[in-house]
Every structure is written in structure tokens, then in C-alpha cells.
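Residues per chain, in single letters:
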Amino acid sequence: MKNIKIRRLSKEKLNKPALHRPQASIESMHKYRTDMYEGMIAETVVVRGHGGTNINAYFARPLGPGPFPGVVLIHHAPGWDEWYRETTRKFAHHGYLAVSPNIYYPFGQGAPEDVAAKVRAAGGVPDDDVVGDIAESLSYLKSLPQSNGKAGLFGTCSGGRQVFLVACRTKGFDAAVDCWGGRVVMSKQELTAKYPVAPIDYTKDLSCPLLGLFGEEDQFPTPQQVEQHEQELKKYGKTYEFHMYPKAGHGFFYYDRAAYRQEQAVDGWNKLFAFFEKYLGTTD
Amino acid sequence: MCTGIVENAKVSGSGKGPDGWYPLDQASVSYDHPDHAQSGRAIIIDFLNEAVGPKARIAVELTPESARNLVHAILASLSRGEGEGVRAKDEPPQ
């Protein structure tokens, strides 16, 4: 990280955000050595969804008895796609029981982008359904004999918004990471039967520490909306870290899209794993 | 759904996908982050058939500027084919 500076919003006044260089290096996050054994298993499983239904999920875990912390991943608007499978395995590689439920399951099966298009046309997944799905996945993780009893929540894009929503409306998560979730702040005109309450209005109920990663060039959410969200978190004395990356927009982790920003993504992943390690613990 | 901006239109016609032609019954027009287009935001148009399922989809992702060009081209073609009475809603009346 030589060329970018990051505003750590949570430590400074909003009008005078601090600029600092990230301290963690990518090396510090990998505790593996070339002479260590490493293994994982990753497969599609069936888990319970909202309302007692069954949905499919992608589950990846390190081999071994654990105990391991868990992470539930909420996929992004483009669907339950390859990037989310890879990211699920990435969490397992870092020592987490990781499950990514297919919250688009009720909309039918097919190529991820085609299912996502159907969901888009339908106006999205109802917030209540998502909360139910993720709560069930949390129960699944914590029921596993390898669980250390702690679990985090991760999501990007619409999944980032849903991370915050779920972290406010459920209990049992120990840390949550919202990556550029748009529409946490919503106008009254944006509210629908599926999205009846703006997530920001649940802030007082946030049940665990929150990490937010955002891009300064993003329009969904805008930096102003992120600041508004932060004001609300401060108002209720919540534990959080927000980082606003310059020269990055929406989805800067996505190596397969034009939005990818290498330096910001590497730093963001480092911050994310440091955050989870702090609140969830690992077996390393 | 990052933006939540979607407009749906009932349509009649046919579309050709990987499995050949099929009847269309809906066009979903979104302003959102594209899957493939090299643009931060795009107009995404999905021509769908609800009865057939997710695979019945013809998708385009257009930069906002090119989407405007397409709108004008469609209206111009309609105007030439069906008369001057066809115009965009946002055009001032003559």
C-alpha cells in the first residue's frame, strides 16, 4: 500500500477524516508455512431457510476437529456465483467454517446471472426472507461439532446491506462485515413491501461489532450516506470500524470486474481478517 | 439490486436465446452495476419469459449513453414505421 491513503472514519470527526496508512501486511495474515499440512472440504449442502424451507448452500471448512469460528456469507446481487464460492473457500483457507446460503433459491435454478435477473425483475428478495435464511445458516454453523461457538457475517453489495440488516435483527453473530452495501440509507419513496424499513433505522439494535469497507467513488452507497450511517452508529454507541477507500468505487474486491482495485482490495482483506480474528478467534 | 432501480414492462414478441426462439412476456429494465460491461453503471435489459424460467433470458448491458441512443433509435424507427404520433414521453408536444 504505497499510493493510497484510507480514511478511517470511526476514529475521527466526520468533517476531518484521518488519513493513515494501513499497518497490516498481507504476510501477517497468513500463518501458514510451507511445511504445514493444510486441507479443506468444500461442497454443496442443503440447509434450512426461512419458514422451514430447504435451500442449498455452499459449505467449506478446514479439515480437522477444530474448534473453528464460523462465517455466514450473504452473496451479492449478481447472484450465488463463482466469486462467492471462491470467497467461501477463502474463509475456509483462513480457518473458518464458511457457509454461503443461496438466498435466491426460491426463484428457481439456472445460471447464476439468469437467476439473478429473475430476482432483479421481481424487485429483490424480501428482507424478512433474508433474515430468516441467514438466521438458519447461523444455527447450522453453530450446531457443527467443529464450531468454537463464534460466528461472523460477511456480505458485499446487496449482501452488505443485508449483513447490517441481519446483524440488527438477529442475535448470535459476534462480528459483521458490510462491504459497500447500498441502500442501508433509504428514502421513504424507496420503501416497498419487500423492503418496508430502511436498515439504518434498525441501528440501535445492532448486536455485534461492525466493519464497513467502502469506496469513495461509489454511488450506491454514496460517501454521504456512509457518513449518515456512521452518525447513527455513533449516536447509539455501537462498536464499529468504517474505512473509505480513495480511487475505488463499488465492488473493488471483484477481480473479475472492471471495478477491481488491487491495492484497496488487498488492504481490505487484511482489515477484514484482522477484524474477524479479533472478535471470532482462530485456532492458529 | 444494489440500486433497487428496476422498471418492468409487459411485452409481446419473440426473443432468440441459446436454445432458439421463445415468446417474450416481460422486459425488465434496471439501472445497476453490470456483470460484464466495462462500465460502473449500466442500463440492464432482460427480456424474459416467466413461464419458461431463468434460462429464458436475453440480456444486454448498455452504458447509460448508449441506452439513450437506443431509446432514440427505437422511437425513430417507430415514428418512421407508424407515424409521427409516436414520440418519447419526455418530448415536448409539437
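Residues numbered from 1 in each chain as written. Chains lettered and ligands numbered in written order. Predicted model: local features only at pLDDT ≥ 70, side-chain atom pairs only at ≥ 80, totals over all residues. Heavy atoms only, no water.

1. Observations regarding the overall build of chain A
On a plain count of helices and strands, chain A comes out with seven helices and ten strands. Burial analysis of chain A (284 residues in total) assigns 55% to the buried set. When contacts within chain A are restricted to residue pairs at least 6 apart in sequence, long-range pairs at least 24 apart make up 71% of them. (Helix = DSSP H or I, 4+ residues; strand = E, 2+ residues; numbered from the N terminus. Buried < 20%, exposed > 50% of the residue type's maximum accessible area, 1.4 Å probe, protein only. Contact = heavy atoms within 4.5 Å.)

2. Looking at the nonpolar core
Residues and elements named next belong to chain A. Counting 78 residues, the largest nonpolar core has F91, L153, F154, F253, L272 and F276 as the members making the most contacts within it. It is helix α7 (residues 262–280) that contributes the most residues to this core, seven residues altogether. Sequence-distant contacts of F276, that is, excluding residues within four places in its chain, are made with V71, F91, Y96, G152, L153, A175, A176, V177 and G281. (Core = buried A, V, L, I, M, F, W, Y, C linked by side-chain atoms within 4.5 Å.)

3. Overview of the side chain of A:Q162
Residue and element names in this part refer to chain A. Mapped onto the secondary structure, Q162 falls in helix α5 (residues 158–169). Note on Q162: relative accessible area 6%, which makes it buried. Beyond its immediate sequence surroundings of up to four residues, Q162 is in contact with I74, H75, I103 and V130.

4. Digging into helix α2 (residues 82–93) of chain A
Residue and element names in this part refer to chain A. Given a rise of 1.5 Å per residue, twelve residues ought to cover 16 Å, and the 16 Å separating the end C-alpha atoms of α2 matches this to within 8%. Looking at α2, one finds that the buried residues are W83, Y84, T87, T88, F91 and A92. Where α2 is buried, its residues touch β3 (40–48), β4 (54–62), β5 (68–74), β6 (97–101), β7 (147–156) and α7. Looking at the residues trailing α2, positive phi occurs at G95, about 100°. (Expected span 1.5 Å × (residues − 1).)

5. Regarding the pattern of salt bridges
This model, assessed by the stated rule, comprises eleven salt bridges over all chains. The salt bridge involving A:R257 is made with B:D35; its shortest N-O contact spans 2.8 Å. Placement of the pair is A:R257 in the loop between β10 (240–245) and α7 and B:D35 in the loop between β2 (20–32) and β3 (42–48), with the two residues belonging to separate chains. Judged by relative accessible area, A:R257 falls into the buried class, the value being 16%. Ionic contacts of the salt-bridge type, sharing partners, join the residues A:D114, A:R120, B:D46 and B:R57 into one network. (Salt bridge = Lys/Arg side-chain N within 4 Å of Asp/Glu carboxyl O.)

6. Thoughts on the packing of aromatic side chains
All names here are of chain A. One pass over the structure, following the stated rule, counts 24 aromatic pairs over all chains. Against the face of Y58 rests R85, its NZ or CZ located 5.2 Å from the ring centre. Above the face of the W80 ring, R85 is positioned so that its terminal group lies 4.1 Å from the ring centre. (Phe/Tyr/Trp six-rings, centres within 6.5 Å; stacked < 30°, edge-to-face > 60°. Lys NZ or Arg CZ within 6 Å of the ring centre and 35° of its normal.)

7. Observations concerning the pairing of β10(A)
All names here are of chain A. Of all six residues in β10, six are buried, a share of seventy percent or more. Side chains Y240, F242 and M244 of β10 all project onto a buried face; the interleaved residues E241, H243 and Y245 project onto the opposite face, where all are buried too. Note that strand β9 (residues 210–215) and β10 share six bridges and pair parallel. Opposite L213, over in β10, you have H243 as the bridge partner. Handedness of the crossover is the feature at issue here: the chain leaves β9, passes through helix α6 (residues 223–235), returns alongside β10, and the resulting connection is right-handed. (Pairing = 2+ DSSP bridges. Right-handed = clockwise from strand over helix to strand, strands pointing away.)

8. Quick notes on the confidence of the model for chain A
For chain A, the average pLDDT comes to 90, and 88% of its residues sit at 70 or higher. Every residue in residues 10–29 of chain A scores below 50 in pLDDT, and together they form 40 contacts with partners more than four places removed in sequence or on other chains. (pLDDT = per-residue confidence, 0-100.)

9. What about helix α1 (residues 64–82) of chain B?
Residues and elements named next belong to chain B. Its 19 residues give α1 an end-to-end C-alpha distance of 27 Å, which sits within 8% of 27 Å, the value for a rise of 1.5 Å per residue. Burial in α1 covers these residues: A67, L75 and S79. End-on, the buried residues of α1 take up no more than an arc of 115°, which puts them together on one face. Exposed and facing more than 90 degrees away from the buried side of α1 are S77, R80 and G81. The secondary structure elements touched by the buried residues of α1 are β3 and β4 (57–62). Of the residues trailing α1, G83 is marked for its positive phi of about 115°. (Arc of directions from axis to C-beta.)

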